[in-house]
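Descriptive structure summary
These are the residues of each chain, in order.
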Amino acid sequence: MPTPSSPVGLHRVLEPTGDAIMLPQAARRLDARPELWPDEVRIVVETLNLDAASYRQLAEKHTTDGHVDGAAVRAEVLDIVATRGKMQNPVTGSGGMLIGTVEEVGPQSTLGLAPGDRVATLVSLSLTPLAISDGLERWDGLSEQVPAAGHAILFGRSIAATLPDDLDAHLALMVMDVCGAPALVERVVGEYAARGVAPIVAVLGGAGKSGSLSLAAARAAGAGRTIGVVPVERERSVLEQSGLADAVVLADARSPLGLAAAVESAGGPADVTVVCVDVPGCEQPAILATAQGGTIIFFSMATNFAAAALGAEGLAADVRMLVGNGYVPGHAETALRLVREVPAVRALFEGRLAAESPRASEAAGAGA
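As the structure is a prediction and not an experimental result, all values here were calculated from the model. (Residues numbered from 1 in each chain as written. Predicted model: local features only at pLDDT ≥ 70, side-chain atom pairs only at ≥ 80, totals over all residues. Heavy atoms only, no water.)

This part is about the overall build of the chain. Broken down by element type, the chain carries 12 helices and 17 strands. Here the C-alpha radius of gyration of the chain, 20 Å, is about what a compact globule of 368 residues would show, namely 21 Å. The principal-axis extent of the C-alpha atoms belonging to the chain is close to 60 × 45 × 40 Å. Per-residue burial for the chain yields a buried fraction of 54% across its 368 residues. Considering only intrachain contacts with a sequence separation of at least 6, the fraction spanning at least 24 residues in the chain is 70%. Surface summary for the chain: the accessible area is close to 15000 Å², and the carbon and sulfur share equals 53%. Across the chain, the 27 positively charged side chains and the 42 negatively charged ones have centroids separated by 1 Å. (Helix = DSSP H or I, 4+ residues; strand = E, 2+ residues; numbered from the N terminus. Rg over C-alpha atoms; globule rule 2.2 N^0.38 Å. Buried < 20%, exposed > 50% of the residue type's maximum accessible area, 1.4 Å probe, protein only. Contact = heavy atoms within 4.5 Å. Areas by Shrake-Rupley, 256 points an atom, 1.4 Å probe, with all protein chains shown as cover. Lys, Arg positive; Asp, Glu negative; His and termini not counted. Charge placed at Lys NZ, Arg CZ, Asp CG, Glu CD.)

This is the structure:
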């Protein structure tokens, strides 16, 4: 390889280059060829997991008369990967993650992986060199989980976790895709608990993947009261039956007064508000639902962080706002522990997996 390796992947950036070169996540195009630099790892891809905001955007773009054109979604994903050398939605800027098997490890790799390891990548597909070889022929375009064949490259400073033996691989993928959320919630609630405060925690999107894990993490870390906020009656019923939240309220997270009133009716305002919904426009409502001096964790790729900052200023809100960046040391272990130890969390994930992607699960998980 003529170009020296960079642990953060600069050597794989094809566009832009020179003085304008960017890190792989911000780059327009990456080099996804399979040959390795000395500190890289090549993975044989089994399944991609598109992040929720990205899949929602693609599905809504290709919906006509209430029906998603799965073939059009598949074609666009293939075009993105072929054009950019990575799976990065050009509208949302986000990607997802994948599971696969380690095929080759460079002699200078420090990731601790070995050929044959079955792993989940814990870095975004938006910065992971990726090539697809099967045209995604086993995917109907109607789910976030995408059975695929091809290869992906991990850099010297990437992150991956070996898949656990006691959980279905696709369940583990679904958990690891959002594992940053419960780990950060655990840290923040733990900070309150260390000061002798049992905070009120409200989770917007409490019946979803990151939301249900965040509720479980908040309770385990010492929350005094947990409030799950959901948009529809079906999700309220599911979350109430799970017992993960002390109170469940029905509200549109985009409605400032509606959300604030709903959270207050359940014991709020919240000391900690966690935004886990994948739609834009939740910034100011979350601020209004949070007590002065409280904390808001934005764990959604649909968040407009300028709107959050300016909204807090305009509302004279003294709130600490945190960007959930997806990485907290030990985040995968934290999320998997919650799935193992909290039956309600595992039941929600298994139900979601079965409902969302039966065909994808059958196609990709036959040997799992």
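Next comes the rest of the write-up.
What follows is about helix 1 (residues 52-61). For helix 1, the complete set of buried residues consists of A53, S54, Y55, Q57, L58 and A59. In this fold, the buried residues of helix 1 make contact with strand 3 (41-50), strand 4 (63-64), strand 5 (67-68) and helix 2 (70-84). Among the residues of helix 1, the N-terminal cap falls to D51, whose side-chain oxygen and the backbone nitrogen of A53 are separated by 3.1 Å. (Polar contact = N/O pair within 3.5 Å; in protein donor to acceptor, adjacent residues only side chain to side chain.)

The subject of this paragraph is the pattern of salt bridges. A side chain with one charge can pair with a side chain of the opposite charge if their charged atoms come near. Per the counting criterion, the structure on display carries 22 salt bridges. Residue E103 is joined to R42 by a salt bridge in which the shortest nitrogen-to-oxygen separation is 2.8 Å. Within this pair, whereas E103 is found in strand 6 (residues 96-105), its partner R42 is found in strand 3, the two being separated by 61 residues in sequence. Between R138 and D134 there is a salt bridge, with the nearest N and O atoms lying 3.6 Å from each other. (Salt bridge = Lys/Arg side-chain N within 4 Å of Asp/Glu carboxyl O.)

Ordered by their spatial adjacency, six strands build an open sheet running 14-13-12-15-16-17, and the pairing between neighbours is parallel. The sheet is open, and its two edges are formed by strand 14 (247-250) and strand 17 (320-323), each paired on a single side. Geometrically, the sheet is characterised by an average inter-axis angle of 20° between neighbouring strands, direction not taken into account. Pairing analysis gives four bridges linking strand 13 (residues 225-230) to strand 14, with the strands arranged parallel. Within strand 14, the residue paired with I227 across the bridge is A247. Contacts between helix 6 (residues 233-242) and the sheet are confined to strand 13 and strand 14, with strand 14 contributing the most and set at about 180° to the helix. (Pairing = 2+ DSSP bridges. Axes fitted to C-alpha atoms, helices over the stretch in contact; angles between N-to-C directions.)

So, on to a nonpolar patch on the surface. On the surface, a nonpolar cluster with roughly 230 Å² of combined accessible area is contributed by L10, I21 and L23. As for its placement among the helices and strands, L23 is situated in the loop between strand 1 (13-15) and strand 2 (29-30). Assessed through its relative accessible area of 48%, L23 is described here as partly exposed. (Patch = residues over 30% accessible without salt bridge, like charges linked within 9 Å, V, L, I, M, F, W, Y side chains within 5 Å.)

So, on to the side chain of K209. Tracing the sequence through the fold places K209 in helix 5 (residues 209-221). Looking at K209, the relative accessible area reads 8%, which means it is buried.

What follows covers the state of the cysteines. Taken as a whole, this structure holds zero disulfides when the rule is applied. Looking at C179, it has no disulfide partner, and the nearest cysteine sulfur is the one in C276, 13 Å off. We note that C282 lacks a disulfide partner, and the nearest cysteine sulfur, in C276, lies 11 Å from it. (Disulfide = S-S within 2.5 Å.)

Residues V175, M176, V201, L213, L244, V274 and F349 are the most contacted members of the largest nonpolar core, which totals 52 residues. Listing elements by their share of this core, those giving two or more residues are strand 6, helix 3 (169-176), helix 4 (180-194), strand 12 (200-204), helix 5, strand 15 (270-275), helix 10 (331-341) and helix 11 (343-356). Here M176 is in contact with M97, A120, L122, A161, T162, L163, P164 and L336, once residues within four sequence places are set aside. I200, A247, V275 and A312 belong to the second-largest nonpolar core, a separate cluster that totals 27 residues. (Core = buried A, V, L, I, M, F, W, Y, C linked by side-chain atoms within 4.5 Å.)

Here we take up the packing of helix 5 against helix 10. Taken N-terminus to C-terminus, the directions of helix 5 and helix 10 make an angle of 85°; their axes are 10 Å apart at the nearest point. In terms of axis orientation, helix 5 runs roughly perpendicular to helix 10. Where helix 5 approaches helix 10, its residues L213, A216 and A217 are matched on the opposing element by A335, L338 and V339. Residues that form the contact of helix 5 with helix 10 fall into these classes: six nonpolar, no polar and no charged. (Parallel < 35°, antiparallel > 145°, perpendicular 65-115°, else oblique. Nonpolar A, V, L, I, M, F, W, Y, C, P; charged D, E, K, R; others polar.)

The contact between helix 1 and helix 2 brings their axes to 9 Å, and the two run at 125°. As the angle between them shows, helix 1 and helix 2 are arranged oblique. At the point where helix 1 passes helix 2, the crossing takes the right-handed sense. Residues Y55, L58, A59 and K61 of helix 1 lie in contact with helix 2, whose contacting residues are V73, E76 and V77. Each residue belonging to the contact of helix 1 with helix 2 can be placed in one class, and the counts come to five nonpolar, no polar and two charged. (Left-handed = near helix turned anticlockwise from the far one by under 90°.)

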